[in-house]
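What follows is each chain in one-letter form.
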Amino acid sequence: MKRDYALVFRGHRFCYEVQAVAKLFFPGERFLLCEDGTVPDCDYILTEIRDGSILRVRLHLQGKEMEREHISRNEQEYALCRMLFDMLVTMTGYQPPWGMLTGIRPVRKLVQAVDRGMTMEEAVADLRERYLVSEEKLHLARQCALVQMPMLPHSPKEIGVYVSIPFCPTRCSYCSFVSHSMETAARLIPAYVEKLVDEIRVTGEIIREYGLRVHSLYVGGGTPTAIPAKALQCVLAALSQEMDLSGCREYTVEAGRPDTIDREKLAVIRDAGVSRISVNPQTLQDSVLQAIGRRHTAQQAIEAFCLAREMGFDDINMDLIAGLPTDTYEGFADTLARVMSLCPDSITVHTLTVKRAAALYQKAYHENTAIAEVERMTALSASALPVHGYQPYYLYRQKNTLGNLENVGYAKSGKENLYNILIMDETQTILGVGCAASTKVVCPDGDITRIMNYKFPYEYIDRFVQMMEKKQELRKRLADMETRYAEK
Ligand code: SF4
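Residues numbered from 1 in each chain as written. Predicted model: local features only at pLDDT ≥ 70, side-chain atom pairs only at ≥ 80, totals over all residues. Heavy atoms only, no water.

## As for the pairing of strand β16 (residues 430–433)
Rule in force here: Three labels apply to residues, based on accessible area from a 1.4 Å probe with only protein chains included: buried if under 20% of the type maximum, exposed if over 50%, partly exposed otherwise in between. Numbering of helices and strands runs from the N terminus; a helix is a DSSP stretch of H or I covering at least four residues, while a strand is a stretch of E covering at least two. Note: two strands are recorded as paired if DSSP finds a minimum of 2 bridges between them.
The two faces of β16 match: I430 and G432 on one face and L431 and V433 on the other face are all buried. Here strand β6 (residues 158–165) runs beside β16; their pairing, made up of four bridges, is parallel. The partner of V163 across the bridge, within β16, is V433.

Dropping the structure here:
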C-alpha cells in the first residue's frame, strides 16, 4: 500500500539534503514538503534547528514515534542529516549499502580525495567513517578508482565526442532516454541524419579552431543501428571526414538492440574503424524480454553477438539489467551464466530504477522481498564476474535505483570503456552532437559549463538555426577555457 509522507522543516534551509537522506529509505516516494514548519495529518519527518545550536529530528512513521536532540554549532547540515540517517536505520532496520552517500559518483569522491593529497586508504576511511558506506561498496569503489586513475586525461586539449541517434525499434517499458520507436519516428530519419551531418561538420571546424584532439568517440542513442545501413554509413563517414580520429583511443558504436544488427550494418561499422560495440540483451529470458516490450528473443541476441565476433569485432560489451519486471534470481543467474559463456570483453550490470518499476516497487519497499532478490542478483554479478576474469572498472548510481544499488561496468583487462569512465569523472570536455546530447566544457578549477541540444528529433530538425547559434556559445566557452588554462 502506498503511503503519503511529509517532510517538515523548521529553522534551517537544508531541505534538499534532508530529502535526499529520506529518499534512501523511501525511494520513489513523492514527499509533501512543509517548509513553513506545519505538521500535516499524515506520516512525517520533522527536522528543526532552534536557538542556533539545538538540532531536533522527530519521526512519525507507520505508527511509530522517535525523537532526538543534539547540540551542535558546526557542520549543522551534516549533523542534522546524520541524526536523521541513524534514526531511520534504527526505525526501519534498513542499512543503505552506500550509507549516507547520495551522489551518483562515489568513485569520483575517492579520486578527488587522492588528488587533494590523501592516500587511497585515507580516502576510503573517510567514506567509511563520514558516510557510513558498507565494506562491500568501499571495496568496489576502491577497485574502480585504482583502474581509472591511470586512464584519466592529462591535457585539456584531449576531448570526448558523443553523437546521439535517438531511434529504437520499439520503446522498452523501463526506458528513460529520449528515444523514439521506429513506428512513430521513422519518417524523421532522413532529415535528422542531414542535420546531424551538418552539426558534425561544424563541430569538426570548432575542434580544429581550438586545436582539440578527439580522445574518445561514442555513438549512442537510442540505438544507432536502428537506422538504415546507408544512413548510419553517412553519419560515420561524416565523423571520419570532419574529425581527425588518428589519435582517438576508443571509438564505440552502440549496436544495442539485437534485432537491429545484421551483416550489412556491422560491415558499415567495422569499415568505419569503430573499435568497440555494445550488444545489449539486458536479459536472456524470453518471457522477460516480452514483458519489457522488446521484440527479439534471447537466441537473436546470441546470434547477433556471434555474428559480430565472426566479423572481427574484438571488443564487445553486453549490458544486463538486474530487477527487470517478471525476472527472478534464477532467471538472472541463468542470463549471467549464458552471457559469460559467450566471453564478451565487458559486461555492464545495471540496476533498474524504481520509477521504471512501479509495480515491482510497490512490492519491493512495502514487503521487502523483491529488493532482497535484486540485491542477490547484483551480489552474484560481483562474485561471479571476477572469477571469469571481469573486474569492476566503473560505477555510477542513479537516483531511485532498487535497493539504492548501482550500475557497474566489469571488463577484461585492457577492455575498460574509456568514455564511460570519463563521463563519470567529469574532468574532460565532451562535445555532444545530435538531439538531447549535452556538451560539457571543463575548466581548470573543475568548473563545468553545460550546453544542451534540443531534446526531441523534431525540435532538433525544426530549430536547427538556433542549434547552430549554440555553437557560438560553445566557441566562447572554449576560448574562456583556453584563457583559464593559460593563466593557471
Ligand atoms: S533500447 Fe535503450 S534507448 Fe532504446 S528504448 Fe530500450 S532502453 Fe530506451
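## Here's the deal with the site of the ligand
Put simply, the rule reads: Distances are taken per atom, and a residue is near a molecule or strand as soon as one of its heavy atoms is within 4 Å of it. Classification convention: Asp, Glu, Lys, Arg as charged; Ala, Val, Leu, Ile, Met, Phe, Trp, Tyr, Cys, Pro as nonpolar; all other residues, Gly among them, as polar.
Close contacts around the ligand come from 12 residues, with C168, C172, C175, R257 and R294 the closest. Among the residues forming the shell around the ligand, the class breakdown is five nonpolar, four polar and three charged.

## Observations regarding helix α2 (residues 76–92)
The α-helix advances 3.6 residues per turn, and as a result positions three or four apart in sequence lie on the same side. Heads up, the rule is: Expected helix span is computed as 1.5 Å times (number of residues minus one). Here, residues are in contact when the closest pair of their heavy atoms is within 4.5 Å.
For α2, with 17 residues, the first-to-last C-alpha span of 24 Å sits near the 24 Å given by 1.5 Å per residue. Most of α2 is tucked away: 12 of the 17 residues are buried. Among the residues of α2, Q76, Y78, A79, L80, C81, M83, L84, F85, M87, L88, V89 and M91 are the ones counted as buried. On its buried face, α2 is in contact with α1 (15–25), β3 (43–50), β4 (54–61), β5 (64–71) and α4 (120–131).

## Digging into the nonpolar core
Across soluble globular proteins, you tend to see nonpolar side chains buried next to one another. To keep it simple, the criterion reads: Working definition of a nonpolar core: buried Ala, Val, Leu, Ile, Met, Phe, Trp, Tyr and Cys residues. They are joined through side-chain atoms within 4.5 Å.
Residues L59 and L239 are the most contacted members of the largest nonpolar core, which totals 157 residues. The biggest single contributor to this core is α2, with 11 residues. Filtering out sequence-adjacent residues up to four positions away, L239 remains in contact with V163, I200, L217, V219, L245 and Y251.

## Some thoughts on empty space enclosed by the protein
To be explicit about the condition: Buried and open spaces are told apart on a 1 Å grid over the protein atoms alone, a cavity being a set of points where a 1.4 Å probe fits but cannot get out and a pocket being an open set with protein on both sides within 12 Å along at least five of seven lines. Residues with an atom within 4 Å of a point are the lining residues. Grid points are joined across faces, edges and corners, and a volume is the space filled by probe spheres set on the points.
Overall, the coordinates contain two cavities of 30 Å³ or more when judged by the stated rule. Here the largest cavity is characterised by a volume of approximately 70 Å³. If you trace the largest cavity, you find it lined by I104, R105, P106, V107, R108, V111, Q148, L395, M424 and D425. Every element with two or more residues in the lining of the largest cavity is listed here: α3 (106–115) and α15 (418–425). Among the elements that make up the lining of the largest cavity, the one with the highest residue count is α3 (four residues). Within the lining of the largest cavity, the residues separate by chemical class into six nonpolar, one polar and three charged. Looking at the second largest cavity, its volume works out to about 40 Å³. The wall of the second largest cavity is formed by E199, T439, I451, N453, M467, K470, K471 and L474. Broken down by element, the lining of the second largest cavity gets its largest block of residues, four residues, from helix α17 (residues 464–487). Of the residues in the lining of the second largest cavity, the class split is three nonpolar, two polar and three charged.

## A look at the sheet that holds β3
Rules: Interaxial angle, 0 to 180 degrees, is taken between N-to-C directions of lines fitted to C-alpha atoms, where a helix line uses only the stretch in contact.
Taken together, the five strands give an open sheet; going across it, the order is β2-β1-β3-β4-β5, and neighbouring strands pair in mixed fashion. The sheet is open, and its two edges are formed by β2 (31–34) and β5, each paired on a single side. Direction aside, neighbouring strands of the sheet carry axes that sit 10 degrees apart on average. Note: strand β1 (residues 5–10) against β2, four bridges, orientation parallel.

## What about the side chain of T351?
The condition is simple: Counting of polar contacts relies on pairs of N or O atoms within 3.5 Å, with two restrictions inside protein: one atom must be capable of donating a hydrogen and the other of accepting it, and residues adjacent in sequence are counted only when both atoms are side-chain atoms.
Tracing the backbone through its elements, the reader meets T351 in strand β13 (residues 346–351). Looking at T351, its side chain comes within polar contact range of the main-chain oxygen of E406, at 2.8 Å.

## Focus on the state of the cysteines
Under the convention used in this document: Any two cysteine sulfur atoms lying within 2.5 Å of each other are counted as a disulfide.
Enumeration over the complete set of coordinates arrives at zero disulfides. Free cysteine C34: the closest other cysteine sulfur is in C42, separated by 7.0 Å. You can call C34 buried: its relative accessible area is 10%.

## A look at the packing of aromatic side chains
Condition: Pairing of aromatic rings covers Phe, Tyr and Trp, the last counted by its six-membered ring, and requires centre-to-centre distances within 6.5 Å; plane angles under 30 degrees mean stacked, over 60 mean edge-to-face, and any other angle means tilted. Cation placement over rings: the criterion is NZ of Lys or CZ of Arg within 6 Å of the ring centroid and within 35° of the ring normal.
Following the criterion strictly, the structure yields 13 aromatic pairs and no others. For the pair F456 and Y458, a centre-to-centre distance of 5.8 Å together with 0 degrees between the ring planes defines the contact as stacked. An aromatic cluster is present here, built from F167, Y192, Y460 and F464 joined pairwise through their rings. If you follow R376 out to its NZ or CZ, it ends over the ring of Y329, 3.8 Å from the centre.

## Regarding the domain arrangement of the protein
In plain terms, the rule: Start and end points for every domain follow an automatic or database-based domain assignment.
By the assigned domains, the protein splits into domain 1 (5–92), domain 2 (106–149) and domain 3 (154–275 + 418–488). In this structure, domain 1 and domain 2 have C-alpha centres spaced 28 Å apart.

## A closer look at the environment of V441
With respect to the secondary-structure elements, V441 resides in strand β17 (residues 438–442). A sequence separation of 15 residues divides V441 from E426, and the C-alpha atoms of the two residues are 9.4 Å apart.

## Quick look at the pattern of salt bridges
Heads up, the rule is: Take a side-chain nitrogen of Lys or Arg and a carboxyl oxygen of Asp or Glu: if they are within 4 Å of each other, that pair is a salt bridge.
In the structure shown here, the tally under the stated rule is 30 salt bridges. For the salt bridge of E426 with R105, the shortest nitrogen-to-oxygen distance reads 3.3 Å. Of this pair, E426 sits in the loop between α15 and β16 while R105 is found in the loop between α2 and α3, placing the two residues 321 residues apart along the sequence. A relative accessible area of 24% means that R105 is categorised as partly exposed. Its salt-bridge partner being R475, residue E209 comes within 2.9 Å of it at the nearest N-O pair. With E209 in helix α7 (residues 189–209) and R475 in helix α17, this pair connects stretches of sequence that are 266 residues apart. A relative accessible area of 15% means that R475 is categorised as buried. Linked through salt bridges whose partners overlap, the residues forming this network are E48, R50, R56, R58, E65, E67 and E69.

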